[in-house]
Each structure stands twice: as C-alpha cells, then as structure tokens.
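Structural features, examined
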Number of protein chains: 2
Amino acid sequence: MTDTLTTRFGALSVAARDDLKGAGVARGIAELAEMGLDFLERRCRRVELTSNVTGKEYFAFTRGRGGALSRPVNARLFDAELALTWLDSAVAGGFGSVDRGALDRVLYTCAMAYCAANDVVKTGDKKTPGTYFEILAGHMVAREYGTNPQRSIQVLNLDLETQLPTDFIFDLGETAARIHLPVKTSTRERVIQVWAHQRVLDGVYGVNRIRGVLVCLNETNMQTRSNSVIEVCLPGQWAIYQMFIAQLHRVYYLDIPERYRELGTKYPFIQVRPFSQFFDEADELIRPHAAP
Amino acid sequence: MTDTLTTRFGALSVAARDDLKGAGVARGIAELAEMGLDFLERRCRRVELTSNVTGKEYFAFTRGRGGALSRPVNARLFDAELALTWLDSAVAGGFGSVDRGALDRVLYTCAMAYCAANDVVKTGDKKTPGTYFEILAGHMVAREYGTNPQRSIQVLNLDLETQLPTDFIFDLGETAARIHLPVKTSTRERVIQVWAHQRVLDGVYGVNRIRGVLVCLNETNMQTRSNSVIEVCLPGQWAIYQMFIAQLHRVYYLDIPERYRELGTKYPFIQVRPFSQFFDEADELIRPHAAP
C-alpha cells in the first residue's frame, strides 16, 4: 500500500508540475483518493474521538491495536460513497461540474482520503498530505480559470533584480486582477506568512493588483492523550494581520471553523467561506473594480 | 543523562519565566552548558563533516556506531575549555563581563553544548534547544538593560481590544526606543514571520517606536547522506522583506553567515553582526534619535 500510494503520488506531482489544470492531474487526484478510500474502508477501522468543537463530530482511522491514528475526520463531511459517485465526472468535467450540494463533501472526502491513509501508513509525514491538498486546490482554480499558475515572480527595483519564490500566482490577463493562492492543510501561527507574502506582492506590484486567496483544509488539532479534538483559531490575530499587514481577499475552508466564518460579519470583514463557493464567485474574484 | 538534562531544563524554564535577567537564570544556563560539555566530552566522539561553507569547518557529536549525529558544530567557535574558564564570571557579572575577544566563542559553545547534547540524546526534539537559546539570548539582553521583557502587547484600536502574543519586548522607559527581540536557532523560510511581526508593531505603535533585533544561532543544514554542511541563506529575499514589509534594526548571529554579513554594505543595508557586538552598542540601539 505504502509503495503504491508513494509511486502514484510521485506521478501526480510530476503531472502537476507539467500541467496543473490538465485532466491528467484530475485523474491522479481521483486515483489517489480512490486508493485512500479503499485502504481506509478495507484495512482500517474508525475510532470515535471526543469533539470539543460545537456542532461537529470527529473520528480517526487506524489499522489496529496500538497503530497510529490518522488526523481527525469530520463525520458529516466525510462521505466515501458520495465521493466515489462523483469522481468520474470530476475527472471529465472538473470539480466545478460536481453537484453544488455535494461538492464540499466530495472535496473534503478526496482530501481526507489521501491525508488520512498517509497518516496511518507513514507516521510523521506531513509533507505529502500538504502537497496533495495543494495540487487538489490548485488544480481546481487552474481548471476553472483555464490557466496554469506561476511559482515565482520577478522583482525589479532600480538596481535590484531578483526572482521571489511564491505560492501559486494566476495571471488572468490585462483586464483582470491576478490571484495569489496559498494553500495550507492548516495554518496555526504560521498563517502570518500568508499576510506577509501578500504585503510583499502589494508593495512590489501595487495594492489590489494581485489578490490574496487562501485555501485551507481545516484547523483541527488532536489531543493524543484524551483522543479529543479542538479547533485552533486565532480570530483576534487574524483581524490584526488584516488591519496592519495586508488584506486577504478570501479565505476558503473545506471544514470551516465557525469562529473564522464569523470574521466576515465584523471589522475588518475577512471573508471566510466554504471552498465550494469559489465556483460561484470565480469571475467576481478577478473583476478589476470589485470591492477589495 | 536525559533525565538530568530534562529536569534542569525544566527548572531553567521556570526561573526564566520568573526573572529572565536574574542570576538564577545565568546559573541555570551555565549548569546546562557544563552538563552538556561534560556529556559531549566523556560520552561522545566527534565525526568530521564535509564543509561546503567557505572558510568554516564543522563536526558533529555522536554517542557511537549508528547513533544519531548532533547538529553541525563550527570547529573554530566551539571551545569547551574557554567556555568553562569564563562561565563562573558570566554567572557573577553577566555575559557582558566576559573578555570581548572570547565572548563569541563562549556564547557559541554554551548554546551548542546544550543543543548538541540534546540532539544526541533526544533525536527529533527541536523545541527545547530553541527555548534554551531563547533564554540565553533573552537573559543577556535583559541583564544588560536591567529589565525583564513582556511576551505580549495590548492592541487598542477603536472598538477592538486584544492581547497580541509577541517575542520578547523590552520597555526601556519613555526616553528610549523599545526592543522587539525574536530569537531563533535558525530562520530559513520562516524568517518572514519576524518581518511580519515587526510590521504589526510598526502599524500599531508607529514606525521606529519598537525596534526589531533578531538573534540567531546559525543557518547550517546537514545533508545526512553525505555528512556535508551547507548554510541556507536567502539574501535576496531578506532584502525584499526589509524593503516591503518592515525594517529590522539589527540581526545578530553567533555563527554568522558571510552572505548575510555582506547585506550591511548594500541597499537596503540590513545590519547583520556577531552577537558579541550587542554589548558594544546596547545604548546606541535604544537611543531614540538613532538612524532607523
């Protein structure tokens, strides 16, 4: 299992570097999700976790007695049957073609299938789940806009000339805003990096020229002693970053923390939404005169 | 050994929370350094590493065949005999009382003694070496200024009121600039956080009100397959952060990378210096009308 997951993941990474928006990447995402679901279903069992998050229930996968637990899985969002029903049409028509009522659960289940399976077989590997999720989110945005992103930008400033490595940057033509798309499985205290990168882009290219759109999987944290789940949220700090570092245009989550969703209703009005909503507002996001 | 190091480290952490500038903390730092040196000397052997850093030689400590290697140690800076000679007077009079020609090596040896010993006995633990170094650097600055730092600041902004956790902040009275003192064993790509935090402080309190002073141990990275050492430096990115996010007033290193030292001689003139120099310019750093 480990070998197959690793081999296929390697092939997906290569395909993503070559053509992130391509159908080959959609196929790779779906294959890994299917392999993950099959493994979790047939080789693992579920362990109930104590949820300390109001309104959400979580469980973890494990292979057996004393084996490693996967990251917490949101029971309402994880739906293997639903995901398998839609994967073929997602490969053919893009994830945007998945029924809107099912999309959040399909996306969450795909992301979690690979991440949880990898957690169980390769304890301590946080890199490949992060990359898988980055490819999944990046593919969806690239396919929707019909454009592959860059991974670095050129900075020219008098006698200084340098290439700055960045998260995905989508250039959508002269009449549209560009998109700066950082993708994280979770953010914690590292989230300040996202605002800082946005600040650099604003400084180099001008405010509102390249809009920051952050995509996250969740903010869960498992207390291993008690098998209980919390969401780590720092809404007060997010508000300060949005006021004093730079402005993010959107934050999308697959498993959205309620305390972040509420940020959209009070100053400085950070718009935190379910990722499925991206497909409803993809055009609005890049409209040059949209409210920043 | 592990137990004793862990127990003493716990006591040092408690003392540091209570009175960072106090002689009890100096004693704890010295004790842990002595225990580390004794362990490295008597229970470990040195393994030569291939240095890919011009002008620097590195070795690592290990307990025996197949045992974990410590982080790379700079052979010119690590001097156990010199450190042991000076530790007593450092406890009595502060590290500022150590002979200036010996100070860099004494400090480097203290920091590395604990970090390397901990690497060998507790593989994968990066937290306590980071905390030990933070206490060491924080103690020196606190003792020099005769003031303990805060770990959070209050943000008041119209209807918003929140406590923002920060690195050490030294309040040195109404007629002096304050110091924002992040301390890192190494920075890599995480360094952008330091500029971002500085940006928040500049935005909340005004530019040049709280000066950013970053203290680092080194930027070495060991390639485990070849036992070779490189320094990971991103001078072009540092220049961009200094231009577009905020301005750091000083960066101090114990094992200073040459490519960062050179940043001080060209735009935007980031001042990167050996940490020992702090004692020569401690007053200048907080002078309110100093060039920013």
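Going along each chain's sequence as written, the residues are numbered from 1 onward. Going through the entries in the order they are written, you letter the chains from A and number the ligands from 1. In view of the model being predicted, local features appear only for residues whose pLDDT reaches at least 70, and side-chain atom pairs are presented and counted only at 80 or more, with totals across whole chains, interfaces and linings using the full set of residues. Only heavy atoms go into the side-chain values, all of them from the structure, while hydrogens and water stay out.

1. Some points on the packing of helix H3 (residues 80-93) of chain A against helix H4 (residues 100-121) of chain A
Packed helices, taken two at a time, are described by the angle between their axes plus the distance between the axes. Residues and elements named next belong to chain A. For helices, the axis comes from a line fit to the C-alpha atoms of the stretch in contact; other axes are also lines fit to C-alpha atoms, and the angle between any two N-to-C directions lies between 0 and 180 degrees. For the purposes of this entry, the term helix denotes a DSSP run of H or I that reaches at least four residues, the term strand denotes a run of E that reaches at least two, and both are numbered from the N terminus. Packing of H3 against H4 brings their axes to within 9 Å, and their N-to-C directions diverge by 100°. As summarised for this structure, H3 and H4 are arranged roughly perpendicular, according to the angle between their axes. Within the contact between the two elements, H3 uses Ala80, Leu82, Ala83, Trp86 and Leu87 and H4 uses Ala102, Arg105, Val106, Thr109 and Cys110. Here the term charged refers only to Asp, Glu, Lys and Arg, the term nonpolar to Ala, Val, Leu, Ile, Met, Phe, Trp, Tyr, Cys and Pro, and the term polar to all other amino acids, Gly among them. A class-by-class count of the residues in the contact of H3 with H4 yields eight nonpolar, one polar and one charged. Angles below 35 degrees are treated as roughly parallel, those above 145 as roughly antiparallel, those between 65 and 115 as roughly perpendicular, and all remaining angles as oblique. Two residues form a contact once any of their heavy atoms are found within 4.5 Å.

2. Focus on empty space enclosed by the protein
Here the idea is plain: a probe the size of a water molecule rolls over the atoms and shows the empty space left. Residue and element names in this part refer to chain A. Whether a set of points on the 1 Å grid over the protein atoms alone is a cavity depends on a 1.4 Å probe fitting there but being unable to get out, while an open set qualifies as a pocket with protein on both sides within 12 Å along at least five of seven lines; lining residues are those with an atom within 4 Å of a point. Grid points are joined across faces, edges and corners, and a volume is the space filled by probe spheres set on the points. This structure, assessed with the given rule, holds one cavity of 30 Å³ or more. One number sums up the size of the largest cavity: a volume of about 30 Å³. Among the secondary structure elements, those contributing two or more residues to the lining of the largest cavity are strand S6 (160-170) and helix H6 (192-205). Per element, the largest residue contribution to the lining of the largest cavity is four residues, and it comes from S6. A per-class count over the lining of the largest cavity returns three nonpolar, three polar and one charged.

3. Quick notes on the interface of chain B and chain A
Contacts between the two partners involve 22 residues from chain B, matched on the other side by 22 residues from chain A. When two parts are put together, the accessible area they lose, computed with a 1.4 Å probe and summed over both, is reported as buried area. Across the interface of chain B and chain A, roughly 2,100 Å² is buried in total on both sides, 76% from carbon and sulfur atoms. A pairing counts as a salt bridge when a side-chain nitrogen of Lys or Arg comes within 4 Å of a carboxyl oxygen of Asp or Glu. On the surface where chain B and chain A come into contact, there are zero salt bridges. The definition of a polar contact used here is a pair of N or O atoms within 3.5 Å, where within protein one atom must be able to donate a hydrogen and the other to accept one, and adjacent residues in sequence count solely through side-chain atom pairs. Taken together, chain B and chain A are joined by two residue pairs in polar contact (both at pLDDT 80 or more). Of all the elements in the fold, those that place two or more residues in the side of chain B that touches chain A are strand S5 (150-157), strand S6 (160-170), helix H6 (192-205) and helix H7 (235-244) of chain B. The element best represented in the side of chain B that touches chain A is H6 of chain B, accounting for eight residues. In terms of residue class, the side of chain B that touches chain A is made up of 13 nonpolar, seven polar and two charged.

4. Points about the pattern of salt bridges
Tallying each qualifying case throughout the model produces 28 salt bridges over all chains. Between Arg273 of chain A and Glu281 of chain A there is a salt bridge, with the nearest N and O atoms lying 2.5 Å from each other. For Arg273 of chain A, a relative accessible area of 18% gives the class buried. Burial classes follow relative accessibility: with a 1.4 Å probe on protein chains only, a residue under 20% of its type's maximum area counts as buried, one over 50% as exposed, and anything between as partly exposed. A residue is classified by how much of its surface remains accessible, and Glu281 of chain A, at 6% relative accessible area, is buried. Ionic pairing is found between Asp119 of chain B and Arg71 of chain B, a salt bridge with its closest N-O pair at 2.7 Å. Taken together, the positions of Asp119 of chain B in helix H4 (residues 100-121) and Arg71 of chain B in the loop between strand S3 (58-62) and strand S4 (73-74) put the pair 48 residues apart, joining distant regions of the chain.

5. Topic: the packing of helix H5 (residues 127-145) of chain A against helix H9 (residues 278-285) of chain A
All names here are of chain A. Between H5 and H9, the least distance of the axes is 11 Å, while the angle of their chain directions is 55°. The angle between the axes of H5 and H9 places the two elements in the oblique class. The hand of the H5/H9 crossing is right-handed. Residues Met140, Val141, Glu144 and Tyr145 of H5 lie in contact with H9, whose contacting residues are Phe278, Phe279, Ala282 and Leu285. In a left-handed crossing the near helix is turned counterclockwise from the far helix by less than a right angle, and in a right-handed crossing that turn is clockwise.

6. Focus on the packing of aromatic side chains
Two aromatic rings from Phe, Tyr or Trp, using only the six-membered ring of Trp, form a pair when their centres are within 6.5 Å; if the ring planes differ by under 30 degrees the pair is stacked, by over 60 it is edge-to-face, and anything between is tilted. Here the structure, examined in full by the defined rule, presents 34 aromatic pairs over all chains. An aromatic cluster of three or more residues is present, and its members are Tyr145, Phe168, Phe170, Tyr252, Phe275, Phe278 and Phe279 of chain A.

7. Structural notes on the relation of the copies chain B and chain A
A residue counts toward the fit only if its pLDDT is at least 70 in both copies, and the copies are then superposed by least squares on the C-alpha atoms of those residues. Laying chain B over chain A is done by rotating through 180° and shifting 0.0 Å along the axis; what remains is an RMSD of 0.0 Å. On the angle and the small slide along the axis, the relation comes out as a two-fold axis. A share of 100% of interface residues in chain B that are also interface residues in chain A marks the association as one of identical surfaces.

8. Digging into the environment of Leu82 of chain A
All names here are of chain A. In this fold, Leu82 is placed in helix H3. For the pair formed by Leu82 and Arg143, sequence separation is 61 residues and the distance between their alpha carbons is 22 Å. For Leu82, the residues in contact, after removing those within four places along its chain, are Ala102, Arg105 and Val106.

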